[in-house]
Amino acid sequence: DGSWQIFVPDAVARSQRRVTRSASNRHPAWSPRGDEIVFTRSDAGRSELVVLHAFHASERVLASSSDSPFLFPHWSPDGTQISFTRQTGQKFELCSITADGGSVRPLLPPEMAARDVWPRWSPDGRRIAFFSRRGDHTEDDEIYLLDVQSREVARVTSRRGHDFCPSWSPDGRRLVVALVDPSSGPALAIIRLDGTVERQFARGFA
């Protein structure tokens, strides 16, 4: 119907089930237990962070805003918190909210916030991987790690080209990232937490 909607595919039956039907719904992420989906909804200039029960289709709105879109939510491994990016003008800020609702909480002090996008919890819940253009890297996307307790930020990648959309390995020792190299083009890569590339694959993805 011309708007973004959430679907749940069944790989065995080769079918799909549509679970949203109003407004524009994007950026779905499963809860750790697999019974709920968090996503963002945009409707008439208003942005919402919504949790949908995957089986009986009940919804609850965790947060809403008329001037700061919510982007890329992700559950903490214990299911108690949801991280996301909040956009205010040209500012992209890492935030979190408890899974049962409450106040939106910035994950970094205002003076440390930059163009920070795509927060992804580590399997042990101690760190959050994200990508950003901060410091002296204002033209290239680089991968960073945020220590949730100390709020210290460490840069993982540092090279020409873009590194973005990190996802953790189950053991928390590696990341898979999308990258665009100026000479070889786009690919996926498995990297260590010191930025060392172990392997590239899926070259030329669009």
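Scroll up for the structure.
The structure presented is a predicted model; accordingly, all values stated were derived computationally and were not measured. (Residues numbered from 1 in each chain as written. Predicted model: local features only at pLDDT ≥ 70, side-chain atom pairs only at ≥ 80, totals over all residues. Heavy atoms only, no water.)

Student: Please set out the overall build of the protein chain residue by residue, giving values where relevant.
Tutor: Secondary structure summary: the protein chain contains zero helices and 18 strands in total. The C-alpha atoms of the protein chain give 17 Å as radius of gyration, which agrees with the globular expectation for 206 residues (17 Å, within 12%). Dimensions of the protein chain along its principal axes, counting C-alpha atoms only, are 45 × 45 × 35 Å. For the protein chain, the residues scored as buried account for 44% of the 206 residues in total. Within the protein chain, counting contacts between residues at least 6 apart in sequence, those at least 24 apart form 25% of the total. In the structure as shown, the protein chain presents an accessible area of about 11000 Å², 49% of it carried by carbon and sulfur atoms. (Helix = DSSP H or I, 4+ residues; strand = E, 2+ residues; numbered from the N terminus. Rg over C-alpha atoms; globule rule 2.2 N^0.38 Å. Buried < 20%, exposed > 50% of the residue type's maximum accessible area, 1.4 Å probe, protein only. Contact = heavy atoms within 4.5 Å. Areas by Shrake-Rupley, 256 points an atom, 1.4 Å probe, with all protein chains shown as cover.)

Student: So what's going on with empty space enclosed by the protein? Residues and values would help.
Tutor: With the rule as written, the count across this model stands at one cavity of 30 Å³ or more. Of the voids in this model, the largest cavity is the one considered here, and its volume is about 40 Å³. Residue composition of the lining of the largest cavity, by class: three nonpolar, no polar and two charged. (1 Å grid on protein atoms, 1.4 Å probe; cavity = no way out; pocket = protein on both sides within 12 Å on 5 of 7 lines; lining within 4 Å. Points joined across faces, edges and corners; volume = space filled by probe spheres on them. Nonpolar A, V, L, I, M, F, W, Y, C, P; charged D, E, K, R; others polar.)

Student: A description of the layout of surface pockets should follow, citing residues and the corresponding values.
Tutor: To find leftover empty space, a probe the size of one water molecule is rolled over the atoms. One number sums up the size of the largest pocket: a volume of about 180 Å³. Surrounding the largest pocket, 13 residues form its lining, His 74, Trp 75, Trp 121, Ser 122 and Trp 168 being those nearest its centre. At the level of elements, β3 (24–30), β7 (70–75), β11 (115–121) and β15 (162–168) are the ones that each hand at least two residues to the lining of the largest pocket.

Student: Requested: an account of the packing of aromatic side chains, with residues and values cited.
Tutor: Throughout the structure, instances matching the rule amount to four aromatic pairs. Geometrically, the ring pair formed by Phe 70 and Phe 84 is edge-to-face, given 5.3 Å between the ring centres and 80° between the ring planes. Remark: Phe 84 occurs in strand β8 (residues 81–88) and Phe 70 occurs in strand β7; sequence separation between them is 14 residues. Using a relative accessible area of 4% as the deciding quantity, one classes Phe 70 as buried. Ring centres of Phe 130 and Tyr 144 lie 5.7 Å apart, and the angle between their planes is 20°; on these two criteria the pair is classed as stacked. Here the residue Phe 130 occupies a position in strand β12 (residues 127–133), and Tyr 144 occupies one in strand β13 (residues 142–147), the gap between them amounting to 14 residues. In terms of burial, Phe 130 and Tyr 144 fall into one category: buried. Above the plane of the ring of Trp 118 lies Arg 120, whose end atom (NZ or CZ) is 4.1 Å from the centre. A cation over a ring is seen here: Arg 134 above Tyr 144, with NZ or CZ 5.7 Å from the ring centre. (Phe/Tyr/Trp six-rings, centres within 6.5 Å; stacked < 30°, edge-to-face > 60°. Lys NZ or Arg CZ within 6 Å of the ring centre and 35° of its normal.)

Student: Please provide a residue-by-residue account of the sheet that holds strand β4 (residues 36–43), values included.
Tutor: The antiparallel open sheet is built from four strands, whose spatial order is β3-β4-β5-β6. Each end of this open sheet is capped by a strand with a single partner; those strands are β3 and β6 (59–65). The sheet shows a mean angle of 20° between the axes of neighbouring strands, direction not considered. As judged from the six bridges shared by strand β5 (residues 46–53) and β6, these two strands associate in the antiparallel manner. Within the sheet, the bridge partner assigned to Leu 52 lies in β6 and is Glu 59. (Pairing = 2+ DSSP bridges. Axes fitted to C-alpha atoms, helices over the stretch in contact; angles between N-to-C directions.)

Student: Mind laying out the pattern of salt bridges, listing which residues take part and the relevant values?
Tutor: Between side chains of opposite charge, pairing is possible as soon as their charged atoms come close. Scanning all chains against the criterion turns up 12 salt bridges. The partner of Asp 116 in a salt bridge is Arg 134, with the nearest N and O atoms 2.8 Å apart. Of this pair, Asp 116 sits in strand β11 while Arg 134 is found in the loop between β12 and β13, placing the two residues 18 residues apart along the sequence. The same class applies to Asp 116 as to Arg 134, namely buried. Taking the shortest distance from any N to any O, the salt bridge between Glu 198 and Arg 192 comes out at 3.0 Å. (Salt bridge = Lys/Arg side-chain N within 4 Å of Asp/Glu carboxyl O.)

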